[in-house]
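Architecture and fold: a report
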Amino acid sequence: MSATTTAPDVFTVVRATIAPELDRALAASRARPLPASPSSLAAEPGHSRALFTRLLEAVTTAAPSTDRPTTGQGAPADTTPTTSSTAADPAGATVTELLAAYADGATTPTAVLAALAPLWTTDAVWSDAVLRLVAGADAAATESTRRWAEGTARPLEGVPFAVKDIIDVADTVVTSGSLQTGDRVAQADATVTARLRAAGAIPVFMAATTEFACGGPHNARYGAVRNPWDAERWTGGSSTGSGSALAARIVPLALGTDTGGSIRVPSALCGTTGIKPTHGLVPRTGVTSLSWTLDHVGPMARSAEDLALVLDVLAGDDGADPSTYPAVPDLTADPARVVGMRIGVPRSWFTERVDAAVLAAHEAAVDRFHELGAEVVPIEFDDLEAVDSECWTVFYGELAANQEANAATAERFDAGTRARFEVAFTPSAADYLRALRRRPLVQAAMVARMDEARVDLVLTPGIGATAPRLDDLTMSVDGERHNLHEVVPRNTRLFDYVGFPALMMPAGVAPDGLPVGVQLVGRPWADGTVLSAAVAFQRATDHHRRVPPVSASRSTTASAPGGPSHP
């Protein structure tokens, strides 16, 4: 891997940004202590699980509604490309398109693997995304081809996928993007890897990540991952390689993780689509922990329709991850549900420190949902700045606990991780526990507000600016430069803290030619509702089909605002 720019003094830049922010967050939290005991507040971590359990029981026992409003145009018919075009340009195909082409006999998993594999060993910009190949792909493709021929294909038969380098793949070097781990070989598949394999999907390469999913853009072990839309820009993290590989069309599916936005940030900045599921829906077994009460594992792809197919395979208790639940909600993505859907649009917090191009894309998305038959209503959540402060405390408290054994070798951390590690021990035990105690109160309040407003989903702007520069780690918000840490996680980490499902999808292209996104958020276990709305939006728009200037797809369509899309 290589970067086209000289790395700045990352340690100084990162520490100078995050240390004051953490101090501010702690001061704000300490100024608002919870009532002293005895207190009747439902403010223990167990109350979060009780709330999620109650909500899960409600959605798994309720009979599906057959009443649908008839106003609004609804989602257009699916315009998936023909299977012949998929066979001619497999790099440009989505998961759904590949499966259709396999079923039609237009191509085979063996042929697709043969077309894609050379892309993983080139020196192109997207080579930054590929750390190492996973053994056994050829044999798996042969088996998948046989299954399609015999009529025994499984749900994701023959779909190649990349795996973020903190997710275990058996007998493969998995390093968490760190010098601390050496050449660690995973002894078994992570649950998510195993489930994809069992569904017929084929792991093909380990994708780059920031160190332990929290380091800086300039990784000490592998270097920076350049954005296919502009090699001077970063992909966003921490699922850097997954975002780059999907945007560059060298793989149709990837696994990512999300602790402060790490699935959704690269999705917004690379013009792809990703979902952070409800906390507890997808097991974390076999995934390196960054912050265990914030960590989520989920799929990244180029369409919401793909995400729905994959999430259905990934979801459910595995008997090993204590955060999972025994039941799984309906994850069906039905775009017809958008008609009559009530979508809440907040106008504070999520629209602050956001560039005009991102706001314009958000407004256009609001209008599009209205045209599709959704009812758009205002909604606001209380005290989000205070909630954001607690996100910092939980993250750093759990980072410190997870990495304290590496204190003696802290010099092996990359500069971004080391800066975070040095401040991670700042929160006290009382600070950390206060943040955990406040979480169930915030979760309950947000659900109550959505109930009061009778909204099914919330639609927010995505990341507040286009991709950050690699040379100085800044982003431009209406011409003003900000360190990326001041912009990137603002609209995403709140939903890691509360554990609500949140999906990021492309919503347009800014004047600088780079993609911007919007975010759909639901109540706990409303992942299917989120996916339904996203599929409807993507059937009515072509943002998710725009191809970056550097791409493996044979399509030459580029990214000018309003320009053509692939295919």
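Predicted model, so just to flag it, every value in this text is computed and none were measured.

Considerations on the pattern of salt bridges
Inspection of the entire model under this criterion finds 33 salt bridges. Measuring nitrogen to oxygen at the nearest pair gives 2.4 Å for the salt bridge that ties E150 to R146. Of this pair, E150 and R146 are both found in helix α6 (residues 137-150), four residues apart, which corresponds to roughly one turn of the helix. Using a relative accessible area of 36% as the deciding quantity, one classes R146 as partly exposed. The residue R449 makes a salt bridge to E452 at a minimum N-O spacing of 3.3 Å. Residue R449 and its partner E452 are both found in helix α14 (residues 429-453); the two are separated by three residues, about one turn of the helix. Each of E143, R146, R147, E150, R154 and E157 takes part in a single network of salt bridges with overlapping partners.

Comments concerning the layout of surface pockets
By volume, the second largest pocket amounts to about 340 Å³. In this structure, the second largest pocket is lined by 16 residues; those nearest its centre are P45, S48, R49, H279 and R439. Of all the elements in the fold, those that place two or more residues in the lining of the second largest pocket are α2 (45-61), α14 and α15 (493-498). The element contributing the most residues to the lining of the second largest pocket is α2, with five residues. Here the lining of the second largest pocket is composed, by residue class, of six nonpolar, seven polar and three charged.

Re the sheet that holds strand β9 (residues 342-345)
Picture the strands of a sheet paired through backbone hydrogen bonds; they go either parallel or antiparallel. As summarised here, the arrangement of the 11 strands in space is β1-β3-β2-β6-β8-β7-β14-β15-β11-β9-β10, forming an open sheet in which the pairing is mixed. Two strands lie at the open edges of the sheet, namely β1 (130-133) and β10 (375-378), each paired on one side alone. Put simply, the sheet's adjacent strands are angled 30° from each other on average, direction ignored. Pairing of strand β2 (residues 160-164) with strand β6 (residues 254-258), which is carried by two bridges, proceeds in the parallel orientation. Within β6, the residue paired with V163 across the bridge is L255. This element, helix α16 (residues 527-540), spans β7 (273-276), β11 (457-461), β14 (502-509) and β15 (515-522) of the sheet and lies at about 15° to β14.

With respect to empty space enclosed by the protein
If a probe the size of a water molecule is rolled over the atoms, the empty space left behind becomes visible. Throughout the structure, instances matching the rule amount to four cavities of 30 Å³ or more. Taken together, 28 residues line the largest cavity, and the ones lying closest to its centre are G260, F395, R420, H485 and P489. If you list the elements that add at least two residues to the lining of the largest cavity, you get α12 (384-403) and α15. For the lining of the largest cavity, the element with the most residues is α12, which contributes four residues. Looking at the lining of the largest cavity residue by residue, the class counts come to 15 nonpolar, 10 polar and three charged. Split by residue class, the lining of the second largest cavity holds four nonpolar, five polar and two charged.

Section: unusual backbone geometry
Backbone torsion omega between S37 and P38 reads 5°, so that peptide bond is classified as cis. If you trace the backbone, P38 turns up in the loop between α1 (10-30) and α2. Across the junction of G237 and S238, the peptide omega takes the value 10°, indicating a cis bond. With respect to the helices and strands, S238 occurs in the loop between β5 (230-234) and α8 (240-247). Even without being glycine, D383 reaches a positive phi, approximately 55°. Position of D383 among the secondary structure elements: in the loop between β10 and α12. A positive phi is found at D478, a non-glycine position, where the angle reads about 55°.

Conventions we followed
Residues numbered from 1 in each chain as written. Predicted model: local features only at pLDDT ≥ 70, side-chain atom pairs only at ≥ 80, totals over all residues. Heavy atoms only, no water. Salt bridge = Lys/Arg side-chain N within 4 Å of Asp/Glu carboxyl O. Helix = DSSP H or I, 4+ residues; strand = E, 2+ residues; numbered from the N terminus. Buried < 20%, exposed > 50% of the residue type's maximum accessible area, 1.4 Å probe, protein only. 1 Å grid on protein atoms, 1.4 Å probe; cavity = no way out; pocket = protein on both sides within 12 Å on 5 of 7 lines; lining within 4 Å. Points joined across faces, edges and corners; volume = space filled by probe spheres on them. Nonpolar A, V, L, I, M, F, W, Y, C, P; charged D, E, K, R; others polar. Pairing = 2+ DSSP bridges. Axes fitted to C-alpha atoms, helices over the stretch in contact; angles between N-to-C directions. Contact = heavy atoms within 4.5 Å.

That's the geometry; what it means functionally is another story.
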